[in-house]
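Examining the three-dimensional arrangement
The lines below spell out each chain.
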Amino acid sequence: MPSARDPAGRGPPSPTELAPLGERLFLLNLKSYPACLGDAALELGRLLEEAAASAGVPAAIAPAAPDLGRLASELTIPVLAQHVDPFDPGARTGYVVPEAVLAAGGRGSLLNHSEHRLAPPEVAEATTRLHAIGLAVVVCAQDVDDARLLAGVHPAYLAVEPPELIGGDRSVSMARPEVISGSVAAVRSVAPATRVLCGAGVHSSEDVRRALELGSHGVLVASAVTRSSDPALALSELLSGFS
Ligand code: G3P
């Protein structure tokens, strides 16, 4: 796995640099769900901000790209991109470069989500570019081997999500606990300062509690909230798993 170049030659970022969003983290990915765009994205951000403050849990939100700047200007919780392209700014029509996320007030980005995969060299390049301008990186992996390989870019967070469980009603915590514990061990052996999150089907406080018991530092969630008839209640339920 190519390691993320550090243009300043500092070596991998320090642990405090690596966990700029919190030692523990609840990360809500709005994806492109119709009920999570525009004004609805901002409303969900406000609900998350309130629920996370009440629960005392660090939280962040990843809206669809067109909504990032507005949420970043309206919310106090970190707002992340769902993806960035590993390119210099310039003549790049339709791409999302790291500098655009920074200029919009974003605090970082997901990379390599199962629904938007990058080749390993692209993950390394995008991570280098995000680190170079002080943005947090949440690299997504599909299994333990993927997690071990991708930990080589020393992201702040590595989220392991078995694709077959994404959007379903069986959580990774209950259906594939060995993927979480195995990824925690694998990442720790490569990048001790990187914090493991887990996602895919997480929909209850018990799923969250189990994920933390297995060694993860938090969860990455989408449909339990984005497809809920009562997002505030869903957020409260999920965040109670951190207590
Ligand atoms: O990015 C998180 C997402 O992939 C998990 O999806 O719907 O299973 O919570 P979901």
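Notes on the structure in this doc start here.

Rules used in this analysis
- Residues numbered from 1 in each chain as written.
- Predicted model: local features only at pLDDT ≥ 70, side-chain atom pairs only at ≥ 80, totals over all residues.
- Heavy atoms only, no water.
- Buried < 20%, exposed > 50% of the residue type's maximum accessible area, 1.4 Å probe, protein only.
- Helix = DSSP H or I, 4+ residues; strand = E, 2+ residues; numbered from the N terminus.
- Pairing = 2+ DSSP bridges.
- Right-handed = clockwise from strand over helix to strand, strands pointing away.
- Near = heavy atom within 4 Å.
- Polar contact = N/O pair within 3.5 Å; in protein donor to acceptor, adjacent residues only side chain to side chain.
- 1 Å grid on protein atoms, 1.4 Å probe; cavity = no way out; pocket = protein on both sides within 12 Å on 5 of 7 lines; lining within 4 Å.
- Sits in = over half its atoms within 2 Å of the grid points.
- Nonpolar A, V, L, I, M, F, W, Y, C, P; charged D, E, K, R; others polar.
- Salt bridge = Lys/Arg side-chain N within 4 Å of Asp/Glu carboxyl O.
- Contact = heavy atoms within 4.5 Å.

On to the pairing of strand β7 (residues 195-199), then. Buried residues dominate β7, accounting for five of its five residues. Judged by which residues are buried, β7 turns out to be covered on both faces: R195, L197 and G199 on one side and V196 and C198 on the other are all buried. Pairing of strand β6 (residues 157-160) with β7 involves four bridges; the strand directions are parallel. Bridge pairing links Y157 to R195 in β7. Here β7 runs beside strand β8 (residues 218-221); their pairing, made up of three bridges, is parallel. Across the sheet, residue L197 finds its bridge partner in β8, namely G218. A crossover connection joins β7 to the parallel β8 through helix α9 (residues 205-213); in handedness this β-α-β unit is right-handed.

This part covers the site of the ligand. As a structural note, the neighbourhood of the ligand is formed by N29, K31, H113, E161, I166, G167, A200, G201, L220, V221, A222 and S223. Contacts to the ligand include N29, whose side-chain N or O atom sits 2.9 Å from an oxygen atom. In a pocket analysis with a 2 Å cut-off to the grid points, the ligand is assigned to the largest cavity. Grouping the amino acids of the shell around the ligand by side-chain chemistry returns five nonpolar, five polar and two charged.

The next subject is the pattern of salt bridges. Taken as a whole, this structure holds twelve salt bridges when the rule is applied. Where K31 meets E115, a salt bridge forms, and the shortest distance between an N and an O atom there is 2.8 Å. Of this pair, K31 sits in the loop between β1 (25-29) and α2 (39-55) while E115 sits in the loop between β4 (108-111) and α5 (120-132), and the two are 84 residues apart along the sequence. For K31, a relative accessible area of 11% translates into the label buried. Its salt-bridge partner being E74, residue R46 comes within 3.0 Å of it at the nearest N-O pair. Of the two residues, R46 sits in helix α2 while E74 sits in helix α3 (residues 68-74), which places them 28 residues apart along the sequence. Three or more residues joined by partner-sharing salt bridges are found here, namely D88, E125 and R129.

Time to look at the environment of T226. By the element assignment, T226 lies in helix α10 (residues 223-226). Expressed as a C-alpha distance, the spacing of T226 and A41, which sit 185 residues apart in the sequence, is 9.6 Å.

This part takes up the environment of F242. By the element assignment, F242 lies in the segment after α11 (231-239). What makes F242 buried here is its relative accessible area of 7%. Between the C-alpha atom of F242 and that of A211, which follows or precedes it by 31 residues, the distance is 9.7 Å. Leave out the neighbours within four places in its chain, and F242 touches R24, L25, F26, V57, V208, L212, H217, G218 and V219.

From the geometry alone we can't say anything about function, so treat these as descriptive.
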